[in-house]
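# Breakdown of the fold
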Amino acid sequence: MDELASPTHPRMFSLQKIVEISYYNMGRIRLQWSRIWEVIGDHFNKVGCNPNEDVAIFAVDSLRQLSMKFLEKGELANFRFQKDFLRPFEHIMKKNRSPTIRDMVVRCIAQMVNSQAANIRSGWKNIFSVFHLAASDQDESIVELAFQTTGHIVTNVFEKHFAATIDSFQDAVKCLSEFACNASFPDTSMEAIRLIRHCAKYVSERPQAFKDYTSDDMNVAPEDRVWVRGWFPILFELSCIINRCKLDVRTRGLTVMFEVMKTYGHTFEKHWWQDLFRIVFRIFDNMKLPRAADRAEWMTTTCNHALYAICDVFTQYFESLNNLLLDDILAQLYWCVQQDNEQLARSGTNCLENVVILNGEKFSAETWDKTCNCMLDIFKTTIPHMLLTWRPVGAEGEHYATHGLSDKQLDSISQKSLDIQSRSDDQHSISSADRVAAENRRQNQHATAPAVFEDSSRGRPPTKIQEQRLFSALLIKCVVQLELIQTIDNIVFFPATSKKEDAENFAAAQRDAVCEADVSVETQDQGMYRYLTSQQLFKLLDCLLESHRFAKAFNSNNEQRTLLWKAGFKGKSKPNLLKQETSSLACGMRILFRMYTDESRQDAWEEVQRRLLK
């Protein structure tokens, strides 16, 4: 070390000798050799990080030659000498910031892989560790070479020597995930995700290799090893990509994650699914994003996508997942409707509808109860009560948003604040009911980020901004109510059935010939009607009628509607909830009449009659 310490003229004589000594002593028995290497390896760690580049280059090149010689010997099972021998490469990569040296380390490792792959055993750990460190580099040539070699290992070496590499399978997946998360090289990111998908193929084709594999830290039951060492690392790393990366990369990660579940899920045990969904539901935990604009984008894109994918997986593996997951899925759908993000709220009700329509025939009575309760909860929490009580600031008996709502809550209310002013200019001549529908369609096409709102609100007093936030939250509640009414109709009778029935009844009425023969609409056995008990149907009816009562109360309160209209709620014409008032009642009537003509529900007829007359 003293010889190398001179800043201007370091002497490399002793370093050269150490290399030679190492070379000649390599033939000793492994136990002795590992003691020698403890000392010499540590020396190489220090020399490889020497500020003088010539010294460091000499050290790395010497290490390369020694490693090649060492690897030629191969390694016996249950030994870990390669791991100790290659550790200086890791140390130098971690500590030395010089691009030249880092590049050189990656080249040395690449050369080892290309010429000695068949002899490497425990050394794979160090190799992936070096590439993991290279993966987050900003230097293109370093990332490129490391990634090429990693790709070569995953596609070719794993194919030929899977048993030898299995110990570091997790490290390989982790390394690929690190490449995917390097935002500077998007093409590499996409290719890394493809390679993770490729790793899933190995796990699926060679479960026995994972079962047979034993190592010191394995206290895992043999039948769970393929999960712990194979599937879980793949799905976990994909979830990390989703949580860390920019939109296009995380979308690809999300797609691949669910592709893996859909393709290989039939081999998963029940308790594996439980572990897996703990990770999946973390996607919705977007409060970690500090900026409201990012949160809104996260909800509109990633949460939305994940929601539909979860429901697909649930439907595909309903038998295994029903008891495990239904409660969590209903809770997640309920959460989506609470987020004051219109697109996410719609997706929540849509997914609820899909889950029930696709699996309802297999639901037990208890499952139906849970589902109806979930709808009931969503209904109750999205009735926009404040529409009836809101007063502008300063008015008598004011009931203003800021009472009992902290700024933080208002922030969450307006996570996707739509600037109602700017929207109303686009649509002046449409009636309000149509406006909600038109808004729905527009919202589906592109959910506006709150940036619009922030711009136009800069010059406004804070009360005005809070007003806008509150209004946008109330508007989303109105939308959810309408969606839910439609959802109940679609679940009970199937989508499009009611529309067809309405059209036929309407045509008959126009012909003025409402006689029995004309209106024979085939209502039989459509939808989930026959799977629901009368009590459950009454529960849904309570929701519909409550929604109807609220809308009716609002529509008949002319003074309140004028007040809201003047304050800028929902545009150029006076706000109304006509569509909510009529569709909730129509759906309720439809259910009651259907029950009233259903012989199998005679025990409920008295109650049906009472409700109908009312």
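Residues numbered from 1 in each chain as written. Predicted model: local features only at pLDDT ≥ 70, side-chain atom pairs only at ≥ 80, totals over all residues. Heavy atoms only, no water.

## Section: the overall build of the protein chain
A tally of helices and strands in the protein chain yields 29 helices and 0 strands. In the protein chain, which comprises 614 residues, the share counted as buried stands at 52%. Of the contacts made within the protein chain by residues no fewer than 6 positions apart, 74% connect residues no fewer than 24 positions apart. Carbon together with sulfur atoms contributes 52% to the accessible area of the protein chain, which is approximately 28,000 Å² in total. (Helix = DSSP H or I, 4+ residues; strand = E, 2+ residues; numbered from the N terminus. Buried < 20%, exposed > 50% of the residue type's maximum accessible area, 1.4 Å probe, protein only. Contact = heavy atoms within 4.5 Å. Areas by Shrake-Rupley, 256 points an atom, 1.4 Å probe, with all protein chains shown as cover.)

## Some details on the environment of Glu319
Mapping Glu319 onto the fold places it in helix H16 (residues 318–338). The spacing of Glu319 and Asn359 is 40 residues in sequence and 9.9 Å in space, taken between C-alpha atoms.

## Quick notes on the packing of aromatic side chains
One pass over the structure, following the stated rule, counts 36 aromatic pairs. On the basis of an interplanar angle of 10° and a centroid distance of 4.3 Å, the ring pair of Phe70 and Phe85 is categorised as stacked. Remark: Phe85 occurs in helix H4 (residues 81–95) and Phe70 occurs in helix H3 (residues 53–72); sequence separation between them is 15 residues. Of the residues examined, Phe85 reaches a relative accessible area of 1% and is grouped as buried. The ring of Tyr202 has Lys201 sitting right over it, with the charged end atom 5.7 Å from the ring centre. The lysine or arginine in question, Arg601, covers the ring of Tyr529, its NZ or CZ lying 4.5 Å from the ring centre. (Phe/Tyr/Trp six-rings, centres within 6.5 Å; stacked < 30°, edge-to-face > 60°. Lys NZ or Arg CZ within 6 Å of the ring centre and 35° of its normal.)

## Some words on the packing of helix H28 (residues 578–596) against helix H29 (residues 605–613)
Two elements in contact, H28 and H29, have axes separated by 10 Å at closest approach and are oriented at 145°. Both H28 and H29 take part in a crossing whose hand is left-handed. Contacts between H28 and H29 involve Met589, Leu592, Phe593, Met595 and Tyr596 from the first element and Trp605, Val608, Gln609, Arg611 and Leu612 from the second. Here the residues of the contact of H28 with H29 are counted per class, giving 8 nonpolar, 1 polar and 1 charged. (Axes fitted to C-alpha atoms, helices over the stretch in contact; angles between N-to-C directions. Left-handed = near helix turned anticlockwise from the far one by under 90°. Nonpolar A, V, L, I, M, F, W, Y, C, P; charged D, E, K, R; others polar.)

## Quick notes on the pattern of salt bridges
Scanning the entire structure with this criterion turns up 28 salt bridges. Between Glu191 and Arg194 there is a salt bridge, with the nearest N and O atoms lying 2.8 Å from each other. Of this pair, Glu191 and Arg194 both sit in helix H10 (residues 186–205), 3 residues apart, roughly one helical turn. Looking at Arg194, the relative accessible area reads 44%, which means it is partly exposed. Look at the salt bridges and you will find they share partners, linking Asp542, Glu607, Arg610 and Arg611 into a network. (Salt bridge = Lys/Arg side-chain N within 4 Å of Asp/Glu carboxyl O.)

## Brief notes about unusual backbone geometry
One non-glycine residue, Asp340, lies in positive phi territory at about 50°. Among the structural elements, Asp340 can be located in the loop between H16 and helix H17 (342–359). Phi angles above zero are rare outside glycine, and Ala496 is one such case at about 75°. Relative to the assigned elements, Ala496 resides in the loop between helix H24 (462–493) and helix H25 (497–510).

## Some details on the side chain of Arg229
Looking at where Arg229 falls in the secondary structure, it is placed in helix H12 (residues 222–244). The class for Arg229 is buried, based on a relative accessible area of 7%. Side chain to side chain, Arg229 and Gln170 meet in a polar contact 3.4 Å long. (Polar contact = N/O pair within 3.5 Å; in protein donor to acceptor, adjacent residues only side chain to side chain.)

## Structural notes on H10
The end-to-end C-alpha separation of H10 is 30 Å, in line with the 28 Å expected for 20 residues at 1.5 Å each. Within H10 the residues assigned to the buried category are Thr188, Ser189, Ala192, Ile193, Leu195, Ile196, His198, Cys199, Ala200, Tyr202 and Val203. Residues of H10 that are buried in the fold lie against helix H7 (140–160), helix H8 (162–165), helix H9 (169–180), helix H11 (207–212), H12 and helix H13 (247–264). (Expected span 1.5 Å × (residues − 1).)

## Details of the nonpolar core
By size, the foremost hydrophobic cluster in this structure holds 156 residues, and its most contacted members are Phe89, Trp231 and Ile591. The leading source of residues in this core is helix H15 (residues 292–316), at 10 residues. (Core = buried A, V, L, I, M, F, W, Y, C linked by side-chain atoms within 4.5 Å.)

## So, helix H5 (residues 99–116)
The end-to-end C-alpha distance of H5 is 25 Å, a good match for the 26 Å that 18 residues give at a rise of 1.5 Å each. Taken as a whole, H5 has its buried residues at Ile101, Arg102, Asp103, Met104, Val105, Val106, Cys108, Ile109, Ala110, Met112, Val113 and Gln116. Where H5 is buried, its residues meet helix H2 (30–48), H3, H4, helix H6 (124–135) and H7.

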